[in-house]
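Structural description and commentary
Here is how the chains run, residue by residue.
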Amino acid sequence: MIATSAGSADAAPGRTGLADFLTMILGDRDRYFTEVAEGDGLAAKLTYSLLVLIALCGLYGAVAGAYSGPAQALAAAIKLPLLFLGTLAICFPGFYIVQVLLGSRLRLPQVLALVLGALSLSAVVLAAIVPVSAFFLFTGANYYFLTLLHVLIVLGAGLIGMVVLHEGLAFACEQRGVYPRKAMTIMRVWAVLFAFVD
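Note that the structure is a prediction, hence the values are computed from the model and not measured.

A tally of helices and strands in the protein yields nine helices and zero strands. Walking the protein from its N terminus toward its C terminus, one meets helices and strands in the order α-α-α-α-α-α-α-α-α. Over its C-alpha trace the protein gives a radius of gyration of 18 Å, about what one expects of a compact globule, namely 16 Å for 198 residues. Projected onto its principal axes, the C-alpha positions of the protein cover 50 × 50 × 20 Å. Per-residue burial for the protein yields a buried fraction of 44% across its 198 residues. Considering only contacts in the protein between residues 6 or more positions apart, those separated by 24 or more positions represent 71%. Accessible surface for the protein amounts to roughly 9,900 Å². Of this, 71% is attributable to carbon and sulfur atoms. Once the 11 positive and 10 negative side-chain charges of the protein are each reduced to a mean point, those two points are 7 Å apart.

What follows deals with the packing of aromatic side chains. All chains considered together, the criterion is met by nine aromatic pairs. Between Phe135 and Phe136, the ring centres sit 5.3 Å apart and the planes meet at 75°, which makes this aromatic pair edge-to-face. Residue classification places Phe136 among the partly exposed positions, given a relative accessible area of 24%. Each member of the aromatic cluster is reached from another via a ring pair, and the members are Phe21, Tyr32, Phe33, Tyr48 and Phe171.

In the contact formed by helix α3 (residues 29–38) and helix α6 (residues 108–128), the axes pass within 8 Å of each other and the chain directions differ by 155°. In terms of orientation, α3 and α6 fall into the roughly antiparallel class. In this structure, α3 meets α6 at a crossing whose hand is right-handed. Counting all contacts with α3, which are made through Arg29, Tyr32, Phe33, Val36, Ala37 and Glu38, the residues of α6 involved are Gln110, Ala113, Leu114, Gly117 and Leu121. Tallied by class, the residues present in the contact of α3 with α6 amount to seven nonpolar, two polar and two charged.

When you line up the elements, His150 lands in helix α8 (residues 143–174). In this structure His150 touches Tyr60, Ala64 and Ser133, once residues within four positions along its chain are discounted.

Applying the stated criterion across every chain, the model contains zero disulfides. Between Cys57, a free cysteine, and Cys91, which holds the nearest cysteine sulfur, the sulfur-to-sulfur gap is 15 Å. A relative accessible area of 0% means that Cys57 is categorised as buried.

With that settled, consider the environment of Lys182. Tracing the chain through its elements places Lys182 in the loop between α8 and α9 (183–197). By relative accessible area, Lys182 is classed as exposed at 56%. The sequence separation of Lys182 and Ser104 amounts to 78 residues, and the corresponding C-alpha distance is 9.9 Å.

For the rest of this paragraph, the subject is the nonpolar core. Membership of the largest hydrophobic core comes to 58 residues, with the highest contact counts inside it found for Phe95, Val115, Leu126, Leu165, Leu169 and Tyr179. Secondary-structure elements contributing two or more residues to this core are α2 (18–27), α3, α4 (42–65), α5 (70–101), α6, α7 (130–138), α8 and α9. The element contributing the most residues to this core is α8, with 13 residues. Ignoring any residue separated from it by four or fewer positions in sequence, one finds Leu165 in contact with Leu114, Val115, Ala118, Met187 and Trp190.

Criteria and thresholds
- Here, residues in each chain are numbered from 1, in the same order as that chain's written sequence.
- Given that the model is predicted, a residue must reach a pLDDT of at least 70 before its local features are reported, and side-chain atom pairs must reach 80 or more before they are shown or counted; all residues, however, enter totals for whole chains, interfaces and linings.
- Neither water nor hydrogens contribute to the side-chain values; these are computed over all heavy atoms in the structure.
- Strands are runs of DSSP state E lasting at least 2 residues, helices are runs of H or I lasting at least 4, and numbering of each runs from the N terminus.
- With the radius of gyration taken over C-alpha atoms, the globule rule is written as 2.2 Å times the number of residues to the power 0.38.
- Only protein chains enter the area calculation, which uses a 1.4 Å probe; residues under 20% of their type maximum are buried, those over 50% are exposed, and those in between are partly exposed.
- Only heavy atoms matter for contacts: two residues are in contact if any of them lie within 4.5 Å across the pair.
- In short, Shrake-Rupley with a 1.4 Å probe defines the accessible areas, and a residue's cover is counted only from the protein chains shown.
- Positive charges are assigned to Lys and Arg, negative charges to Asp and Glu, while His and the chain termini are left out of the count.
- By convention, charge coordinates are those of NZ in Lys, CZ in Arg, CG in Asp, or CD in Glu.
- Only rings of Phe, Tyr and Trp enter the pairing, Trp through its six-membered ring, and a pair is recorded when the two centres are within 6.5 Å. The plane angle decides the type: under 30 degrees is stacked, over 60 is edge-to-face, the rest tilted.
- Lines fitted to the C-alpha atoms define the axes, with helices restricted to the stretch that makes contact. Angles between their N-to-C directions range from 0 to 180 degrees.
- Should an angle fall under 35 degrees it is taken as roughly parallel, and over 145 as roughly antiparallel, whereas 65 to 115 is taken as roughly perpendicular and any remaining angle as oblique.
- The hand of a helix crossing depends on one turn: near helix anticlockwise from the far one by less than a right angle means left-handed, and clockwise means right-handed.
- Charged means Asp, Glu, Lys or Arg here, nonpolar means Ala, Val, Leu, Ile, Met, Phe, Trp, Tyr, Cys or Pro, and polar covers whatever is left, Gly included.
- Here, the term disulfide refers to a pair of cysteine sulfur atoms separated by no more than 2.5 Å.
- Nonpolar cores are built from buried Ala, Val, Leu, Ile, Met, Phe, Trp, Tyr and Cys residues. Side-chain atoms within 4.5 Å join them into one set.

Function cannot be read off these values alone, since they describe shape.
Put into C-alpha cells, the structure is as follows:
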C-alpha cells in the first residue's frame, strides 16, 4: 500500500525526473501535452529538454565527425547541438509572436516546452541511430556516403520532431481549446522554415 502511494506520487503531474521525461516524450506524449497545456512542471521539462538535446545531439555529432579524427569529432559534438539551438533561436520568436497574434492562449514557456520537447525527441532518435552510423564508419564507408547518410538521418529525426510538435499543438487545439485551429497552418509553414534554416 505504501509502495503504491509512493509510486503514484512519483508519477504526479509536475514531478518530472529525467527518466519520467523520456518516458513521456517517447511513449506517453498525451500526458506530456496535458501537463504542458496545464503549465505543470514547465521548468523541469525545459531543463530536461535542453539537457537531452545537448547531450544526445553532441553524441551523434561526435560519431558523425569521427570520420575525420578526434578533433573533428569534438568539433561536431559541439556544432550539432549549437545548430539545433541556433535554429531555434532564429525561428522561435517569430513563431511565438504570430501564434499570439492568431489568438493562442499558450504562454511562452508552454510553447517553448512543446518545441523543445519535440527537438529533444529528435535528439533521442539521433542517439538511437548512433550504432548504424558507427557501423558504416567502422566498415570503411567513404566520405560522400557518410555525409549523405548523416544528412538523411538528421532530416528524418527532424521530421519526427516536427510531427510530434504538430501533435502537441493539435492536442492543445482540440483537447484543451488553448490553441487556435487556424494557427496550425502557420505551424506547418514554420516547420518548413525551421528545416530550411537548420
